[in-house]
Amino acid sequence: MSKLSNTHLPQDVTIKAQRLAEFSDHQQVWEYRHPASGLHALIAVHDTTLGPALGGCRMWAYESTAHALSDALRLSRGMTYKAALAGVALGGGKAVILGDPKTQKTAPLFHAFGAMIEALDGLYITAEDVGTSVRDMDWIAETTAHVTGTSRDGGDPSPMTALGVYEGIRAAVRHRLGSTELSGVTVAVQGLGHVGRALCERLATDGTDLIVADVNPDAVKFAVDELGATAERADRIHAVPADVFAPCALGAVLDDETVPALRSAIVAGSANNQLAQDRHDEELHRRGILYAPDYVINAGGLISVAHAVVGEDASDSKAWSAVCRIGAVLSEIFDRAEAEGQSPGAIADQLAIERIARHRRGA
Ligand code: NAD
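Residues numbered from 1 in each chain as written. Predicted model: local features only at pLDDT ≥ 70, side-chain atom pairs only at ≥ 80, totals over all residues. Heavy atoms only, no water.

Before going further, it helps to spend a moment on the domain arrangement of the protein chain. You can read the domains of the protein chain as domain 1 (6-78 + 92-140) and domain 2 (158-356). Computed from C-alpha atoms alone, the centre-to-centre distance between domain 1 and domain 2 is 28 Å. Contacts between the two partners involve seven residues from domain 1 and, on the opposite side, six residues from domain 2. Here domain 1 packs against domain 2, burying approximately 590 Å² in sum over the two surfaces, 68% of which is carbon and sulfur. At the junction of domain 1 with domain 2, the criterion picks out zero salt bridges. For the interface between domain 1 and domain 2, the tally reads zero residue pairs in polar contact (both at pLDDT 80 or more). (Domains from an automatic or database assignment. Contact = heavy atoms within 4.5 Å. Buried area = accessible area lost by both parts, 1.4 Å probe. Salt bridge = Lys/Arg side-chain N within 4 Å of Asp/Glu carboxyl O. Polar contact = N/O pair within 3.5 Å; in protein donor to acceptor, adjacent residues only side chain to side chain.)

Now the structure itself:
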């Protein structure tokens, strides 16, 4: 593994981060510039109470270092909560590389980034995220062991993510519609990529009525021809009458325009960061729409990755039953939200904070 010399160690920028609104008691934040490779990266470790901080590495042409820092702070806190509710022994962290993923990716850049992670001595474990790929993780693995999602890890976590979303939809339907069956329930799925397609395959087996949309016509054709789905326009899918709207494409789909247009009783899908702003969770609650917090329902991939990190088979029956527990976690959130008159998003955050606090007390 490549070692950085003392003059090339990542800089602790936690004090700089404290000035930003997204700072929320983060444990530590580092910045690293490596002129020889062009690397400029930030790593935010939010909390390692439950274990080393796992979180993807995002590569993005940020407007400024402050924007990149805000993103790293926000996303790393989200990872802490996600891991806490997924019941895995991991904390939350996130890395961002400032640069254009289309033109600036090179092996030396990712080697330098791997060396930065190696210098943190296992406190942070990286993985793929927006703008990075399995090949990039392979490059990183040449200079650090603290990386997952390489070609040797065997894998695509999407089937496990889809399984978790399926269990989450079942829990939401049970809670809101009082039905233990998905047969005859209408689910509108936005996005038929890795997760959306696998989710539709599961739902079709249960006799669910599927309405689907994707900007890729081939993906829609498959769902219509093979799964009996009905196609809808991509810009209308959120507004079709359905029991469940399942966003499985983009982030920020729940905003001032789409939330009032929703005609479903439930929103439950895999997409990350579905709420354009935190207040949209409250808006859904006010409209009586049951929202399955995205970071809870889409944790199946993280759970399988967590098994791989500790050297277990990511797709074995232990990982499988851990993913299926997402349904039970969501049921607890829905019940408590109803009892306390709060939104499921607020309750999910509280449960995550409580789990971490209990662990700190050794309870
Ligand atoms: P993907 O890229 O394989 O699929 C996304 C699909 O959405 C594509 O088919 C794309 O054509 C479609 N799409 C893009 N814009 C659209 C639009 N405007 N309307 C309708 N469809 C559109 O991604 P994925 O791996 O299936 O992930 C889907 C979502 O779930 C993402 O938000 C991702 O961050 C999140 N997620 C994925 C995983 C995982 O294990 N893959 C884990 C957690 C969260």
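Structure's up, so let's keep going.
Counted by the stated rule, this structure contains 16 salt bridges. A salt bridge links R33 to E31, with the nearest nitrogen and oxygen atoms 3.5 Å apart. Overall, E31 belongs to the buried group, its relative accessible area being 10%. The partner of E201 in a salt bridge is R197, with the nearest N and O atoms 3.5 Å apart. Pair noted here: E201 and R197 are both in helix α6 (residues 194-205), with a separation of four residues, about one helical turn. When its relative accessible area of 32% is taken as the criterion, E201 is described as partly exposed. By relative accessible area, R197 is classed as partly exposed at 37%. What you see here is one network of salt bridges that share partners, running through R58, D71, R74, K94 and D129. (Buried < 20%, exposed > 50% of the residue type's maximum accessible area, 1.4 Å probe, protein only. Helix = DSSP H or I, 4+ residues; strand = E, 2+ residues; numbered from the N terminus.)

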